[in-house]
Amino acid sequence: MLVLGVETSCDETGLALVEGNEGEIKVIGSILSSQVAKHRAYGGVVPELAVRAHLDVLPSMTAQFMVENHVSWDDLDAVAVTRGPGLVASLLVGLNFARGLALATGLPLFGINHLEGHLYSAFLAEGQWPVFPFIGLIVSGGHTLIVLAEKEDRLVRLGGTLDDAAGECLDKIARLLGLPYPGGPEIERRAVGGDAFRFYFPRSFEKADTFDFSFSGLKTAVRYFLEKQNPDILRDAQFIADVCASVQEAVMEILAKKAVLAAQRHDVRRIAVGGGVACNGRLQALLSQLCQEEGIVLHVTPPALCTDNAIMIAGVGLMKIRYQVAPDLFCEAEPGWSLQ
Ligand code: KG4
Ligand code: ZN
């Protein structure tokens, strides 16, 4: 089975060809046109710019991608496209383009939940079908979720953020510190050599019996903290490093602890982590330490599959075929789609 994946939910235009058989999953090719540079001046994603960029690149990029990978339309078994969640106009570009491809070629079309992509991406990167049950920690710029994945058609949301997503919080704090977008990787870079315990920033619901998160309080705490400092201190590289390390610690510690707590509470011995924030080395280190202590198997998504990409979309498309889900040529964009 060979599936073409199309991803345009936010600011990356992605295409991927992923092949699967009973035993394994293999990436045949993948390409990403990133718009980060276009949005950087604005400190976040500008939907109008994102749509134009998707429209500009998608048709020619697809034609070239198929040729470069020596794949013809007859070789494909399906087209999979992100249906949501995401920016509605960005989603519509990819969805209508993929629908056009499906109509022209007669291939089945699967509308994919972007969060399912992040949920399964660690397994896809290992070249294997997901192993159920597992706890999924999805941490990106738009989402922070803990999911109990019991089976492919039984995903139970255990908790999530009540306000800002973890990545969004890092992006906003980076802005307060005068650091460029996207803030998460920048904070990680600046945190190297910083003292993570010099400043204490709040961890939401640390002691509460919940799998929910709140990150807006952390952002506000950093804002008040900075307002109390002499503005010149923002030019002090060691101060920035210490703030970045302390902020990173506050975010990653609560994410790792809650994911492991979810596994213990539901007696699941496996955790998979995905989404842009899963690139974070400190999060990976904390998770691997806690999982080792608790005898939990950890599946970490490698950086190339953490941030938005089409491999995860094609991969979930393969799962739809494997589990005999009906295709839907007329599926609509679902900008606010969550997991069931
Ligand atoms: O999954 P993603 O590419 O897009 C969304 O679906 O949101 O995630 C992007 C988010 C941004 O907020 C970015 O700051 C964060 O992931 N991010 C990181 C790192 N790399 C990306 N956060 C912390 N550490 C990183 N190394
Ligand atoms: Zn994403």
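Every residue gets a number counted from 1 within its own chain, in the order that chain's sequence is written. Chain letters and ligand numbers both follow the written order, the letters beginning at A and the numbers at 1. Only residues with pLDDT of at least 70 get local features here, since the model is predicted, and only at 80 or more are side-chain atom pairs given and counted; chain-wide, interface and lining totals rely on the full set of residues. For side-chain calculations, the full set of non-hydrogen atoms in the structure is used, while hydrogens and water are omitted.

## Points about the coordination of the zinc ion (ligand 2)
Because no water is among the atoms considered, metal sites can look incomplete, with donors defined as N, O and S atoms within 2.8 Å of the metal, or 3.2 Å for Na, K and Ca. At 2.1 Å from the zinc ion (ligand 2) lie its protein donor atoms, namely His114 (NE2), His118 (NE2) and Asp308 (OD). The rule is simple: four donors are tetrahedral if all their angles sit between 85 and 135 degrees, four are square planar and six octahedral if opposite donors span more than 155 degrees and the others lie between 65 and 115, and anything that fits none of that is irregular. Relative to the metal, the 4 donor atoms surrounding the zinc ion (ligand 2) lie at angles of 90 to 144 degrees, and the coordination shape comes out irregular. When the donors of the zinc ion (ligand 2) are listed by position in the chain, the intervening gaps give H-x3-H-x189-D. Here His118 and His114 lie together in helix 4 (residues 114-125), a separation of 4 residues that amounts to about one turn. Relative accessibility decides the category of a residue: with a 1.4 Å probe and only protein chains considered, values under 20% of the type maximum give buried, values over 50% give exposed, and everything between is partly exposed. Taking relative accessible area as the criterion, His114 reaches 5% and is therefore assigned buried. Numbered from the N terminus, helices here are DSSP runs of H or I no shorter than four residues, and strands are runs of E no shorter than two.

## Observations concerning the sheet that holds strand 2 (residues 12-20)
In this scheme, strands are said to pair when DSSP sees at least two bridges between them. Overall, mixed pairing links the 5 strands, which are arranged 3-2-1-4-5 in an open sheet. Both edges of this open sheet fall to strand 3 (25-34) and strand 5 (109-113), since each of them pairs with a single strand only. With direction set aside, neighbouring strand axes in the sheet form an average angle of 20 degrees. Pairing of strand 2 with strand 3 involves 9 bridges; the strand directions are antiparallel. Considered in strand 3, the bridge of Leu17 is made with Gly29. Together, strand 1 (2-7), strand 4 (78-84) and strand 5 form the strand contacts of helix 3 (residues 88-105), whose direction differs from that of strand 4 by roughly 160 degrees. Axis angles are defined between N-to-C directions and span 0 to 180 degrees, where every axis is a line fitted to C-alpha atoms and, for a helix, only to the segment in contact. We call two residues contacting when some pair of their heavy atoms lies within 4.5 Å.

## Looking at the site of ligand 1
Taken together, 21 residues lie near ligand 1, and Gly141, Asp171, Gly184, Glu188 and Asn280 sit nearest. Polar contacts, as counted here, are pairs of nitrogen or oxygen atoms within 3.5 Å of one another; within protein the pair requires one atom able to donate a hydrogen and one able to accept it, and residues that are adjacent in sequence qualify only if both atoms are side-chain atoms. At a separation of 3.1 Å, an oxygen atom of ligand 1 approaches a polar backbone atom of Gly276. In this structure, Asp308 approaches ligand 1 through a main-chain N or O atom, which is 3.1 Å from an oxygen atom. The Shrake-Rupley method, run with a 1.4 Å probe, gives the accessible areas here. Residue values count only the displayed protein chains as cover. The protein chains hide 88% of the 550 Å² of surface that ligand 1 would expose on its own. Put simply, the parts of the chain that give the shell around ligand 1 at least two residues each are helix 4, helix 5 (166-176) and helix 6 (183-191). Three residue categories are used. Nonpolar comprises Ala, Val, Leu, Ile, Met, Phe, Trp, Tyr, Cys and Pro, charged comprises Asp, Glu, Lys and Arg, and polar comprises the others, including Gly. For the shell around ligand 1, the per-class residue count stands at 6 nonpolar, 11 polar and 4 charged. Think of it this way: one heavy atom of a residue within 4 Å of a molecule or strand is enough to make that residue near it.

## Considering the packing of helix 5 against helix 7 (residues 216-227)
Orientation of helix 5 relative to helix 7, taken along the N-to-C sense of each, is 10 degrees, at an axis distance of 10 Å. Overall, the two elements helix 5 and helix 7 adopt an arrangement that is roughly parallel. Along the contact surface, helix 5 presents Cys169, Lys172, Ile173 and Leu176, while helix 7 presents Leu218, Lys219, Val222, Arg223 and Leu226. The labels follow the angle: roughly parallel below 35 degrees, roughly antiparallel above 145, roughly perpendicular from 65 to 115, and oblique for the rest.

## With respect to the packing of helix 4 against helix 11 (residues 311-322)
When two helices pack together, their arrangement is captured by the angle between the axes and the distance separating the axes. Where helix 4 contacts helix 11, the axes come no closer than 8 Å and their chain directions differ by 90 degrees. With respect to helix 11, the axis of helix 4 lies roughly perpendicular. Contacts between helix 4 and helix 11 involve His114, Glu116, Gly117, His118, Tyr120, Ser121 and Leu124 from the former and Ile311, Met312, Ile313, Gly315, Val316, Met319 and Lys320 from the latter. For the contact of helix 4 with helix 11, a count of residues per class yields 7 nonpolar, 5 polar and 2 charged.

## Some points on the sheet that holds strand 9 (residues 270-274)
The strand order 8-7-6-9-10 describes an open sheet built from 5 strands, whose pairing is mixed. Pairing within the sheet leaves two strands with one partner each, and these edge strands are strand 8 (154-160) and strand 10 (297-300). Here the strands of the sheet are splayed against their neighbours by 20 degrees on average, with no regard to which way each runs. Of the strand pairs in this sheet, strand 6 (residues 134-139) and strand 9 are connected by 4 bridges, and their pairing is parallel. Along strand 9, the bridge assignment pairs Gly136 with Ala272.

## Describing the pattern of salt bridges
Basic side-chain nitrogens of Lys or Arg form a salt bridge, by our definition, when they fall within 4 Å of a carboxyl oxygen of Asp or Glu. Within the structure shown, the criterion is met by 19 salt bridges. In this structure, Asp164 and Lys172 form a salt bridge, with 3.3 Å as the shortest nitrogen-oxygen distance. With relative accessibility at 30%, the residue Lys172 sits in the partly exposed group.

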